[in-house]
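Understanding the architecture of this molecule
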4 protein chains.
Amino acid sequence: MLIVMEKNTSKDTIQAAVTAIEKRGYTARPIPGGDRVSIGILHNKGSVDAAHFLGLEGVKEVISVTKPYKLVSREFKQENTRIKVGDAVFGDGSFPVIAGPCAVESETQVLSIAKSVKDAGAKLFRGGAFKPRTSPYSFQGLGKQGLKLLATVREETGLPVVTEVMDVENFSLVEDYADVVQIGTRNMQNFSLLRRAGKSSRPVVLKRGLSATLQEWLMAAEYIMEEGNNNIILCERGVRTFVRHSRNTLDLSVVPAAKKETHLPIIVDPSHAAGVRNQVIPLACASAALGADGIMIEVHNHPEEALSDGAQSLYPDQFIAVMKKINAIHAIVRE
Amino acid sequence: MLIVMEKNTSKDTIQAAVTAIEKRGYTARPIPGGDRVSIGILHNKGSVDAAHFLGLEGVKEVISVTKPYKLVSREFKQENTRIKVGDAVFGDGSFPVIAGPCAVESETQVLSIAKSVKDAGAKLFRGGAFKPRTSPYSFQGLGKQGLKLLATVREETGLPVVTEVMDVENFSLVEDYADVVQIGTRNMQNFSLLRRAGKSSRPVVLKRGLSATLQEWLMAAEYIMEEGNNNIILCERGVRTFVRHSRNTLDLSVVPAAKKETHLPIIVDPSHAAGVRNQVIPLACASAALGADGIMIEVHNHPEEALSDGAQSLYPDQFIAVMKKINAIHAIVRE
Amino acid sequence: MLIVMEKNTSKDTIQAAVTAIEKRGYTARPIPGGDRVSIGILHNKGSVDAAHFLGLEGVKEVISVTKPYKLVSREFKQENTRIKVGDAVFGDGSFPVIAGPCAVESETQVLSIAKSVKDAGAKLFRGGAFKPRTSPYSFQGLGKQGLKLLATVREETGLPVVTEVMDVENFSLVEDYADVVQIGTRNMQNFSLLRRAGKSSRPVVLKRGLSATLQEWLMAAEYIMEEGNNNIILCERGVRTFVRHSRNTLDLSVVPAAKKETHLPIIVDPSHAAGVRNQVIPLACASAALGADGIMIEVHNHPEEALSDGAQSLYPDQFIAVMKKINAIHAIVRE
Amino acid sequence: MLIVMEKNTSKDTIQAAVTAIEKRGYTARPIPGGDRVSIGILHNKGSVDAAHFLGLEGVKEVISVTKPYKLVSREFKQENTRIKVGDAVFGDGSFPVIAGPCAVESETQVLSIAKSVKDAGAKLFRGGAFKPRTSPYSFQGLGKQGLKLLATVREETGLPVVTEVMDVENFSLVEDYADVVQIGTRNMQNFSLLRRAGKSSRPVVLKRGLSATLQEWLMAAEYIMEEGNNNIILCERGVRTFVRHSRNTLDLSVVPAAKKETHLPIIVDPSHAAGVRNQVIPLACASAALGADGIMIEVHNHPEEALSDGAQSLYPDQFIAVMKKINAIHAIVRE
């Protein structure tokens, strides 16, 4: 077992850790590394419980390898990355809300929704013009026409717009219309797309893959940063598990875990995780209480007639109600 | 139950399936669809075992419609079940907090912790006297001596105590000392133990199994209710997934999903889910924001010396801080 | 599709649901059950999106009956699709073996391996020229130079070559060199890439996504078929689960399950699933016994020096030994 | 990173490993431990890929901790444990088959099935008298009457019988009738039951828990061995994953992984994993090809009328056919 100490840990703290380890009957051997000290545990009979040492002062991790990511890591850059889009800042302790329908359907639809979410306090508008769909026979989005409608939303409401880009071919087109480009869950390890996003001047919302570990997710962000784009907003949107009462399982513990590893902001999308409206509202409140850097939430003026994912979209009235709670909760946890 | 037949199944095969179904005492009604026939099973009392029909000729799929639980279901009893223990009520919209160490270790330890958590606002004290451990060589708890220490805590502080019971043999003993008995995650489908709990006069905290579906969990509660004990508090404590940044994945969406299905109260244990202290605090806040009926949280006066699960236990000062946030958040979501 | 209503739903609510369904152009037929009403949707062409109805008042659950795939389904085409590549046929009851290194590294390497696997009975050669890697700092493959080395292998040995294509940009290039193009697990739902593959004249090996359901996998194949390419070989390569003793969990039951649903051939890649050599050999034998349509297996002349995935590559001697067993087992199960 | 070498590795082999590590640019420091040498990797920049070293000669593992189990480990006892029951031996390289219905239903039923499976080559008879069921309203087994019917089967056919014990209360009763007692998946971490099994003179079939890691499973066996019973047969029966095309996901890679860690025999139960008959047959063949120490398979004379799990039970004719294949496959892989 290798106990990795925080950088710049004092000699006294290291000695205290050594003492704590030896108190349990092990031999502890400090190993000065490149930029930090690790402590090897020797001559242990049987296994050693990592939990014993994980909580000691100065201990960063109890592991076998150092992490493979560099640019995205908090060790590389200690202070939070702050990403400003319109009036919103992701990563400064505020809690900006991105809201809008799953798919752009018509001018009436997007303008109606955009106005109501802006009034309720949303800072960005979301809406899909290119929709990744499991079936080739499902509605695939309005494409360029959808992008134009998003531009109309921006002109009319002043809200910056977030929309998904599905491939390198359409990247420049999407970039021309969107304020923030989103890389979806199915493309989290589409490395060609990540590299292209790294060359973009737009901030990127990088959704977590359906069964991505935190490490794989951060490595995907590393691909983008390595090409030069530092403005990446991570977005947890539920992972695939055996569970059947929700579409995916929202993994809220990834938020504090990610904040420990990376300086990048991380937001939550409870709508895609839940898949049903009555779970979205409590999960949105939970996300605010958790200390996330924002939220992305689906709202539709007529969910029952939506061309995709209507069941998970809030009614405008529900969105107003949830915004009040979110803001009050955020004020408590922010202090 | 709906039995979906293969496309182009002959009339004879469909008739043979109908006959097989009716031989078991059900009414079978063929439903011709767009491109295949389904057979509905009508007038069944309670649920029907899908396995009976999956192997019949021409059967493509068997789909359950009726939920198999009765007594625990909200359709059976619409209003929330309220369970009063000491000053706390689970299920009335309040948010009682159960706090204490993973394991009872000594009188000094439990009294010290109990006083500090009571002062911070905890309504019940938790502590394990019988500890289910993966390894036979790990600390197994103080047993009866631990139960006596819990009784001392109650006498000294007035806090009711919650402790785990691991088997039918020790059930009466645990019942004699505990105000609330807990059935742990590994025993969620220990049906003999569930039946014994059903004969107890104590409320039962029923933890979710490590990979239990909501339905299996509710069926476990049904075993208890069916024997006569209606006072069951469900407790989500994380499920097993591919995720490695937390010990288990806390499945918060199960709270609204369970509330839709059952009248029983449901609380959250973020400590066992997270496994590390720095995730426990945000997850505790998230649980309060979610609308759960309470929380169970581990606190230790000297976590770094704890005999089990020290890494996930909060320091008393952290507990005080989190209680303030929890109470403020609960006030917002309750209204 | 079956829409299950809550118990005790009023007639008006049921009528409102019927109206909402028919507004979308379907026929809705209420089916009174034992203790609740369900509503069947009839005469739908293709699948219906459950999300449309999940949020309607009184709706408890929405159950899909019709499978959403068409062209790939066995109901659409009963007889097995047979795909001939060189001397091999996938789907005719034989058991062709694809073998080679994870990555193309040098001419010496590929020729050495190709000759030994051909001698042992392999029918196709595999090797990656473009390598999808979790880290941007890992070896990314030789690119075009790697493709040329694969062409050399074909010229020297007569073995057709299989290699992965990672993006639309390089598709034509890969197509020019490869006999069979492979779409990797991370790109299973890269819909732009699937569409491009649908326009190719090359057979496609479509690997299963890391957490793809059988249905999602078949829908990915549907994207390819819908564009006109019918020559798709499904390849099971392990899924992500909580298990830690192997890199992924090889899901062998998907082979008989897929064969029931689709006419497409399905092969198994035990190397990526296992991640360690000593599991690859027994899993290869198991795959032969299972009735799969072939196998893809990694072989390296110097695994300990491989630039990627050396730990899972067989030594040439091990490959010879496993081929003997595989062929003998296949002869037994084929009969 | 710590590279753990096999016990008794020669100095030359260790030196070769050191050379291989340093060839990759790392500093390798051999650490002589209690009974083996480990090699620490120092001064690595960024992470080191475990896979690079996992395949080197003499390398046992690349890890942070040694395993927590003792008595069950192959390091503790190198040679396979052989468990003789009637004519069968588990662990000697043979492939004994345990067959019978899920539940004991009647004398006619068990005798009819027992005779046919014996004729087909089964060495033991299985049948449940106490049935753990998700629902309290499902058939719970015939209890003592069922045990008596199993005794009748033994008298009439000479086949030893295997049956499940669900609790400590009924352990002596079950022990009186059964030749082998089975601990089911839901009770794998019922530690009181494991301890009781440790005091039994009967061999124990220990099924893997629904989401148990290999390590947890071996620790459960350790509980039994620690009490004195060395005759434990591990049984893989599928684990819970996101997969929906089979009831559970049969994890065949656990067989070679377990054989590396433990001297105990390991068998496979494809019936409970699959849940449907058409998957059981190929998975049974796969299990034989894998090198498992036997198989447990459900057979029913009238599956469509079975009181539990009929859909996964083979017809007697199917069992005869699969036995022929299994035996032929085993002969190939055994050699």
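Each helix and strand counted, chain A has 11 helices and 14 strands in total. For 335 residues, the compact-globule formula gives about 20 Å, and the C-alpha radius of gyration of chain A, at 22 Å, lands near that figure. Oriented by its inertia axes, the alpha-carbon framework of chain A measures out at about 70 × 40 × 35 Å. Looking at chain A residue by residue over its 335 residues, the buried ones come to 60%. Considering only residue pairs separated by 6 or more positions, chain A has 65% of its internal contacts joining residues 24 or more positions apart.

Moving on, we get to the pairing of strand β10 (residues 180–183) of chain D. Residues and elements named next belong to chain D. What you see with β10 is no split at all: Val180 and Gln182 on one side and Val181 and Ile183 on the other are buried throughout. With 3 bridges joining them, strand β9 (residues 161–164) and β10 adopt parallel strand pairing. Looking across to β10, one finds that threonine 163 is bridged to valine 181. Taking the sense of rotation as the criterion, the β-α-β connection linking β9, helix α5 (residues 171–177) and β10 turns out right-handed. Alignment of β10 against strand β11 (residues 204–207), held across 3 bridges, turns out to be parallel. Looking at the pairing, glutamine 182 lines up with valine 205 of β11. Once you follow β10 into helix α6 (residues 191–198) and on to β11, the crossover reads as right-handed.

On the side of chain A, 43 residues touch chain B, which itself brings 43 residues to the contact. When residues of the side of chain B that touches chain A are traced back to their parent elements, those giving at least two are α8 (254–261), α10 (277–290) and α11 (316–334) of chain B. It is α10(B) that contributes the most residues to the side of chain B that touches chain A, 10 residues altogether. Looking at the side of chain B that touches chain A residue by residue, the class counts come to 25 nonpolar, 11 polar and 7 charged.

All names here are of chain C. Relative to the elements of secondary structure, valine 4 occurs in strand β1 (residues 2–5). Residue valine 4 is classed as buried on the basis of its C-beta count, with 22 C-beta atoms lying within 10 Å. On a C-alpha basis, the gap between valine 4 and arginine 36 in space is 7.8 Å, while along the polypeptide they are 32 residues apart.

Residues and elements named next belong to chain B. Along the polypeptide, threonine 213 turns up in the loop between β11 (204–207) and α7 (214–226). The class of threonine 213 is partly exposed, set by 18 C-beta atoms lying within 10 Å. Counting along the chain gives 26 residues from threonine 213 to valine 239, while the straight-line C-alpha distance between them is 9.6 Å.

We now examine the packing of helix α6 (residues 191–198) of chain C against helix α7 (residues 214–226) of chain C. Residue and element names in this part refer to chain C. Running from N to C, α6 and α7 cross one another at 45 degrees; their axes reach a closest spacing of 6 Å. One finds that α6 runs oblique with respect to α7. As α6 packs across α7, the resulting crossing turns out to be right-handed. For the pair formed by α6 and α7, the contact residues are Phe191, Leu194, Arg195, Ala197 and Gly198 on the first element and Ala220, Tyr223, Ile224, Met225 and Glu226 on the second. Among the residues forming the contact of α6 with α7, the class breakdown is 7 nonpolar, 1 polar and 2 charged.

The subject of this paragraph is helix α7 (residues 214–226) of chain A. Residues and elements named next belong to chain A. In a regular helix each residue adds 1.5 Å, so 13 residues correspond to 18 Å; α7 covers 18 Å between its end C-alpha atoms and thus fits that length. Extensive coverage of α7 is indicated by the burial of 10 of its 13 residues. Listing the buried residues of α7 in full gives Leu214, Trp217, Leu218, Met219, Ala220, Ala221, Glu222, Tyr223, Ile224 and Met225. Residues of α7 that are buried in the fold lie against α6 (191–198), β11 (204–207), β12 (232–236) and α8 (254–261). Just past α7, the residue glycine 228 takes up positive phi, approximately 120 degrees.

Where helix α11 (residues 316–334) of chain A contacts α11(B), the two axes come as close as 10 Å, and the packing angle between them is 170 degrees. Taken together, α11(A) and α11(B) sit at an angle that is classed as roughly antiparallel. Side by side, α11(A) and α11(B) meet where Lys325(A), Ala328(A), Ile329(A), Ile332(A) and Val333(A) of the first sit next to Lys325(B), Ala328(B), Ile329(B), Ile332(B) and Val333(B) of the second. Of the residues that constitute the contact of α11(A) with α11(B), the class distribution is 8 nonpolar, no polar and 2 charged.

Okay, the domain arrangement of chain A next. How big an interface is tends to be expressed through the accessible area that disappears when the partners come together. Under the domain assignment, chain A is made up of domain 1 (2–63) and domain 2 (83–334). Summarising the inter-unit geometry, the C-alpha centres of domain 1 of chain A and domain 2 of chain A are found 40 Å apart.

With that out of the way, let us pick up the nonpolar core. Ranked by internal contacts, the top residues of the largest apolar core, which has 380 residues, are Ala289(A), Ala289(B), Ala289(C) and Ala289(D). With residues near it in sequence (within four places) discarded, Ala289(C) still touches Ile329(C), Val333(C), Cys285(D), Ala286(D), Ala288(D), Ala289(D) and Ile329(D).

On to the confidence of the model for chain A, then. Mean pLDDT over chain A stands at 90; residues scoring 70 or higher make up 93%. Complex prediction metrics read pTM 0.88 and ipTM 0.88.

Residues and elements named next belong to chain D. Strand β12 (residues 232–236) sits mainly inside the fold: 5 of its 5 residues count as buried. Along β12, one buried face is formed by Ile232, Leu234 and Glu236 and the opposite face, lined by Ile233 and Cys235, is buried too. Alignment of β12 against strand β13 (residues 266–268), held across 3 bridges, turns out to be parallel. Of the residues in β13, the one forming a bridge with glutamate 236 is valine 268. Handedness of the crossover joining β12 and β13 through helix α8 (residues 254–261): right-handed.

Turning our attention to helix α11 (residues 316–334) of chain C. For α11(C), which comprises 19 residues, the first-to-last C-alpha distance of 26 Å matches the rise-based estimate of 27 Å (1.5 Å per residue) to within 8%. Within the sequence span of α11(C), burial applies to Pro316(C), Phe319(C), Val322(C), Met323(C), Lys325(C), Ile326(C), Ile329(C), His330(C), Ile332(C) and Val333(C). Residues of α11(C) that are buried in the fold lie against β7 (97–100), α3 (107–120) and α10 (277–290) of chain C together with α10 (277–290) and α11 (316–334) of chain D.

Residues and elements named next belong to chain B. Along the chain, valine 72 falls in the loop between β4 (59–63) and β5 (83–85). On the basis of neighbour counts, which here come to 27 C-beta atoms within 10 Å, the residue valine 72 falls in the buried class. In the structure, valine 72 is positioned 153 residues away from methionine 225 in sequence and 7.3 Å away in space, judged by C-alpha atoms. Discounting residues that sit within four places of it in the chain, valine 72 has contacts with Leu218, Ala221, Glu222, Met225, Thr262 and Leu264.

Reading guide: rules and limits
Residues numbered from 1 in each chain as written. Chains lettered and ligands numbered in written order. Predicted model: local features only at pLDDT ≥ 70, side-chain atom pairs only at ≥ 80, totals over all residues. Helix = DSSP H or I, 4+ residues; strand = E, 2+ residues; numbered from the N terminus. Rg over C-alpha atoms; globule rule 2.2 N^0.38 Å. Buried ≥ 20, exposed ≤ 12 C-beta atoms within 10 Å, placed from the backbone. Contact = placed C-beta atoms within 7 Å. Pairing = 2+ DSSP bridges. Right-handed = clockwise from strand over helix to strand, strands pointing away. Nonpolar A, V, L, I, M, F, W, Y, C, P; charged D, E, K, R; others polar. Axes fitted to C-alpha atoms, helices over the stretch in contact; angles between N-to-C directions. Parallel < 35°, antiparallel > 145°, perpendicular 65-115°, else oblique. Left-handed = near helix turned anticlockwise from the far one by under 90°. Expected span 1.5 Å × (residues − 1). Domains from an automatic or database assignment. Core = buried A, V, L, I, M, F, W, Y, C linked by C-beta atoms within 7 Å. pLDDT = per-residue confidence, 0-100.

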